[in-house]
Amino acid sequence: MSIETERNPWMSAPPESEDEQEQVEHLRKDHLLLDPVGMEAMNQDALGSMTRHGRWTWMLIVVLGGLAMMAGVGWLVQLFVGLGFTGLNRTIFWGMYIINLVYFIGIGHAGTFISAAFRVMGFETRRPIARAAETVTLFALAAAGLFPIIHLGRPWKVYWMIPIPNQRQLWPNFQSALEWDAMAIMTYVVGSVLFIYIGLLPDLAMARERTGVNWRRRLYSALSLGWRGTDRQWALHESVSTIFAYVIIPVMFSVHTIVSWDFAMTIQPGWHSTIFGPFFIVGALYSGVAAVLVAMGFLRRFLKLGYFIREEHFDVMAKFLLIMSFAWIYFYFGEFLVTWYGNLPPEMTILDLLLYGEAAPLWWLMIFCNVVVPVGLLWMRRVRRNPGILFVIAVFIQVGMYLERYLIVGVMLGRPELPFNYSWYYPGLEIPIAIGAFSFVIFFYFIFTVFVPIISTWEVGEGQFLHGLRKIGRKITKFKSDMH
Amino acid sequence: MAEYELLGLFQDVDSAGDAVEALRQVGVSDRSLRVLSAFPLSSKILGRKHYNHKLGLAAGAGALLGFAAAIFFAVITPQLYPIVVGGRPLLNGPPMLILVFELTMLGTLLGGFLGFLWQGGFPSAGGLYDKRIAEGYLGVAVQVDEALLEKVQAAYSAHKPVDLKKAEVKPRPDRRLLIGTIAIVALLAVNFALLAVSFDILHLEFLPDQMKAQISFASQMGPRLGAPAGAVPVPGVALVGGRPATAPLAMTEDSLQRGAILFDIHCAVCHTVDEDEPVTQVASFFPDDGEPPAMTSARVMARTPEQIFTFITDGIGKMPSLAENLYPANRWDVVNDVRSLTPAE
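Because the structure is a prediction, the values reported are computed rather than measured. (Residues numbered from 1 in each chain as written. Chains lettered and ligands numbered in written order. Predicted model: local features only at pLDDT ≥ 70, side-chain atom pairs only at ≥ 80, totals over all residues. Heavy atoms only, no water.)

(A) Just the overall build of chain B, in detail. Each helix and strand counted, chain B has 10 helices and 6 strands in total. The C-alpha radius of gyration of chain B comes to 48 Å, more than 25% above the 20 Å expected for a compact globule of 345 residues. For chain B, the C-alpha atoms occupy an extent of roughly 145 × 45 × 40 Å along the three principal directions. Taking contacts inside chain B between residues at least 6 apart in sequence as the whole, the part at least 24 apart equals 73%. (Helix = DSSP H or I, 4+ residues; strand = E, 2+ residues; numbered from the N terminus. Rg over C-alpha atoms; globule rule 2.2 N^0.38 Å. Contact = heavy atoms within 4.5 Å.)

(B) Broad picture of the domain arrangement of chain B. Residue and element names in this part refer to chain B. By the assigned domains, chain B splits into domain 1 (3-172), domain 2 (173-205) and domain 3 (239-340). Its C-alpha centre places domain 1 at a distance of 28 Å from the equivalent point of domain 2. Each partner contributes residues to the interface: domain 1 has 7 residues there, and domain 2 has 6 residues. Interface area for domain 1 against domain 2, summed over the two sides, is near 520 Å², with a carbon-plus-sulfur share of 61%. Among the residues of domain 1 in contact with domain 2, Tyr81, Trp118 and Arg172 are the three that bury the most area, contributing 75% of the side total. Here domain 1 and domain 2 share 0 salt bridges between them. (Domains from an automatic or database assignment. Buried area = accessible area lost by both parts, 1.4 Å probe. Salt bridge = Lys/Arg side-chain N within 4 Å of Asp/Glu carboxyl O.)

(C) Quick look at the nonpolar core. Judged by nonpolar contacts, the single largest core of 197 residues is most densely connected at Phe104, Phe263, Phe308, Leu354 and Ile408 of chain A together with Phe116 and Val142 of chain B. If sequence neighbours within four positions are ignored, Val142 of chain B has contacts with Tyr4, Glu5, Leu6, Leu23, Val28, Ser32, Leu33, Val152 and Tyr156 of chain B. In terms of nonpolar packing, the next biggest core, distinct from the first, is built from 17 residues, Leu239, Val300, Trp332 and Val335 of chain B among them. (Core = buried A, V, L, I, M, F, W, Y, C linked by side-chain atoms within 4.5 Å. Buried < 20%, exposed > 50% of the residue type's maximum accessible area, 1.4 Å probe, protein only.)

(D) Representation of the side chain of Ser224 of chain A in the model. Residue and element names in this part refer to chain A. Within the secondary structure, Ser224 is located in the loop between helix H7 (214-223) and helix H8 (231-264). Exposure remark for Ser224: the relative accessible area of 0% places this residue in the buried category. A polar contact is formed between the side chain of Ser224 and the backbone oxygen of Ser221, at a distance of 3.4 Å. Leaving out residues up to four positions away in the same chain, Ser224 has contacts with Leu201, Leu204, Ala205 and Arg208. (Polar contact = N/O pair within 3.5 Å; in protein donor to acceptor, adjacent residues only side chain to side chain.)

(E) The arrangement of the interface of chain A and chain B in detail. Every contact between the two is made by 65 residues of chain A and, on the other side, 66 residues of chain B. Carbon and sulfur atoms supply 69% of the area buried between chain A and chain B, which totals about 6,300 Å² over both sides. Our count for the chain A to chain B interface comes out at 3 salt bridges. Where chain A touches chain B, the interface holds 12 residue pairs in polar contact (both at pLDDT 80 or more). The element that contributes the greatest number of residues to the side of chain A that touches chain B is H8 of chain A, accounting for 18 residues. Its residues assigned to classes, the side of chain A that touches chain B shows 35 nonpolar, 17 polar and 13 charged. (Nonpolar A, V, L, I, M, F, W, Y, C, P; charged D, E, K, R; others polar.)

(F) How the structure looks around the confidence of the model for chain A. Overall, the prediction assigns chain A a mean pLDDT of 87, with 96% of residues at 70 or greater. Between residues 1-10 of chain A, whose pLDDT stays under 50, and residues either more than four places distant or in other chains, the model counts 25 contacts. (pLDDT = per-residue confidence, 0-100.)

(G) View of the sheet that holds strand S1 (residues 3-10) of chain B. All names here are of chain B. Ordered by their spatial adjacency, 4 strands build an open sheet running S2-S3-S1-S4, and the pairing between neighbours is antiparallel. At either margin of the open sheet sits one strand with a lone partner, and together these are strand S2 (33-36) and strand S4 (163-168). Looking at each pair of strands side by side, their axes are set apart by 20° on average, direction ignored. Alignment of S2 against strand S3 (residues 138-145), held across 4 bridges, turns out to be antiparallel. What sits directly across from Arg34, in S3, is Ala141. Sitting on the sheet, helix H4 (residues 146-158) touches S1, S3 and S4, and the angle it makes with S3 is about 155°. (Pairing = 2+ DSSP bridges. Axes fitted to C-alpha atoms, helices over the stretch in contact; angles between N-to-C directions.)

(H) How the structure looks around the environment of Glu179 of chain A. Residues and elements named next belong to chain A. Positionally, Glu179 belongs in helix H6 (residues 177-210). For the pair Glu179 and Met161, spaced 18 residues apart in sequence, the C-alpha to C-alpha distance is 7.2 Å. Setting aside residues no more than four positions away along its own chain, Glu179 makes contact with Met161, Pro172, Asn173 and Phe174.

(I) Structural view of the pattern of salt bridges. The full count for this structure, using the stated rule, is 25 salt bridges over all chains. Residues joined by salt bridges that share partners form a network here, namely Asp231 of chain A together with Glu21, Arg24, Asp30 and Arg48 of chain B.

(J) A look at helix H10 (residues 311-342) of chain A. Taking 1.5 Å per residue as the helical rise, H10 of chain A with its 32 residues ought to reach 46 Å, and the 46 Å between its terminal C-alpha atoms agrees with that figure. Directly beyond the C-terminal end of H10 of chain A, a positive phi value near 60° is found at Asn343 of chain A. (Expected span 1.5 Å × (residues − 1).)

(K) Focus on the packing of aromatic side chains. Following the criterion strictly, the structure yields 53 aromatic pairs over all chains and no others. Geometrically, the ring pair formed by Phe263 of chain A and Trp271 of chain A is edge-to-face, given 4.8 Å between the ring centres and 85° between the ring planes. Judged by its relative accessible area of 1%, Trp271 of chain A is buried. With 4.7 Å between their ring centres and 15° between their planes, Trp328 of chain A and Tyr332 of chain A make a pair best called stacked. In this pair, Trp328 of chain A and Tyr332 of chain A both sit in helix H10, 4 residues apart, roughly one turn of the helix. Residue Tyr332 of chain A is classed as buried on the basis of its relative accessible area, which comes to 8%. Over the ring of Tyr129 of chain B we find Arg208 of chain A, and its NZ or CZ is 5.3 Å from the ring centre. (Phe/Tyr/Trp six-rings, centres within 6.5 Å; stacked < 30°, edge-to-face > 60°. Lys NZ or Arg CZ within 6 Å of the ring centre and 35° of its normal.)

(L) Spotlight on the pairing of S3 of chain B. Residue and element names in this part refer to chain B. Judged by how many residues are buried, S3 sits mostly within the fold: 6 of 8 residues are covered. Taken together, the 8 bridges between S1 and S3 define a ladder with antiparallel strand orientation. Counterpart to Phe10 in the pairing with S3 is Leu138.

(M) Layout of unusual backbone geometry. Residues and elements named next belong to chain A. Phi at Leu225 is positive, roughly 55°, even though this residue is not glycine. Position of Leu225 relative to the elements: it lies in the loop between H7 and H8. Residue classification places Leu225 among the buried positions, given a relative accessible area of 15%. Of note in this structure, Lys304 is not a glycine but carries a positive phi near 55°. Summarising the element assignment, Lys304 is placed in the loop between helix H9 (276-302) and H10.

Put into structure tokens, the structure is as follows:
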């Protein structure tokens, strides 16, 4: 196959010798943006992925849906029996529901970061994986949003959080960290949904024209809002995407900072710390990037999107993951070093509990998952380019980050200042609900891939249009042209 | 005069750009020209004028609205529904800043998105399209009236389009202004309705006024609730009309034993048993007022059990009330103990 294609005028000179031919083939194999097959073939591949769920994938989807329904049944039980049915007690009033909230908001962070920050900084890696990452955000946020409601004993009163004029003569207190949280998460959800929708418009229009199925055509016609791809629409599209990218990055930082302030604004030992905001953000990005790696592995394996999601993308994400692991270790060490040096009795109680006490097995398991596994393995190029091993590492990090949140909420909270109030937390009903929540996210992720092309072909097409090969001396290398 | 829309398909950027230039030369205005592509191409590549859109303005307006909403929520509404703050200020800066930040950002996002919809003309059903555009072909669309039609068609054919589509433009009223106005009016109406409900101008019977409807009592106001099952009774009042509310306990051995222990704890700091015993440390504080009487003195022996009970409960002279120290039943134990004492021979 020659590098010259009809649709790619930038790649002009065909290779002259066998050596050059080899170099070119090597580059094309490595880089998606140097390997154009034409928009038509790409569109077919991306649209085909919507119907490429095999028998096993569908069985997995059904099982996941069943598990998600199990969580619904569990919630019903709790509605009838009351919150007392859970393992929550008077000292540990926040249990796995709040752990899940923090965890899912955490993995919801990477999607927007990869999409928005990579866009602002001009990282080409984002092109094929941005939508896959944003979708993680979308459903992780949906799951996270459920948990404060599940945590309410009387969820039908959730609208009391919303500032609407009312006959109750009650008004939400905006001085409360919980109210900031509601506001920040609402802003983030609205921003994320609109951001993913704006990016989808051109692909929905493409799907509208190509699909042969009647209900699909109607769905895409309605959703694509009559997108034609005129130069004015594209100019607006570029600008609105840039505005969203610049706005949504600080919003993303604020969301997890405010989640951390839910904790840090109390005087609970182990929580009352100024470092909590950035520490939570780093933790969120860490678990979020790992979650995106899990999703990329799923897509490549189950939807056979090997053309789009290549080893180079896994490599970049794995490097990002390694950097985030260093950042997380740095913050965690800083947090504990200050505690240890300060040597305040209530805080030392918690440190002893984690390092040598009853919670030590969980703590050391967390250190193994979050520090030993990623730092020990990710420095190897061969590991970074192996989706299978990366998948396992990413799952380890999920376990580690879940444990980290579990230790903060489920263990530290049991050691308040007064020893009289010491307590332990044994989750019961929360466990099936948490399993259901994980299933919920993966279930809807798969269902989303049935309805929507999970690869943004216009972004990949643009990238391929901008990239080309040139010869310097005897080496063929890639270059990028700047259109603006 | 009838208007026509034409869409020419081109295989690459160069020929599309040339076609745009040719069309402009035959008198097609830049406004009625569009280039359709599968991914963004800058106006310079297509040889077009820079498109000055007002998206920044829309986002800025949204930000201002969001900021105003935040100030309304953070500063004005807390004063409409004041909460009990225990002497602390009702409005605080830093929490207000957080709300202002979030709502300003939300306003920016919504303003940007609505501006995008408005200026992009979404949702729209009009316009020629070809599915090959999503496959990488470029479309050049123009809208011209009949007079220019032939020249334009010639300009197209000169650049060898892959395909040329033609359709008559049916005039379609622009309903965006109408829809926008209706949306704003509807929003305002909903807001005013909610405010009317809030201030009881409009009272909806089916919406329970939860604060007013619930049963509430001022402090100490009856009727008293019954004791829940399994509650442990606490001792009731000790005195009724100045006399003990309970009957004296029988002088059993248990009672006497308890009384002796309690006497040593609560009474013996001041009172001796025999008059001959040396005065206690406490008694030495009252050299002029007379010492606390010994328990077997004539003064004490003359008192009835009820009187001693009353003295323990209320105190007398310099003696304080011991009601906090002793349950009524235990006071009777102490009384029994005092009654059982006899002067030393």
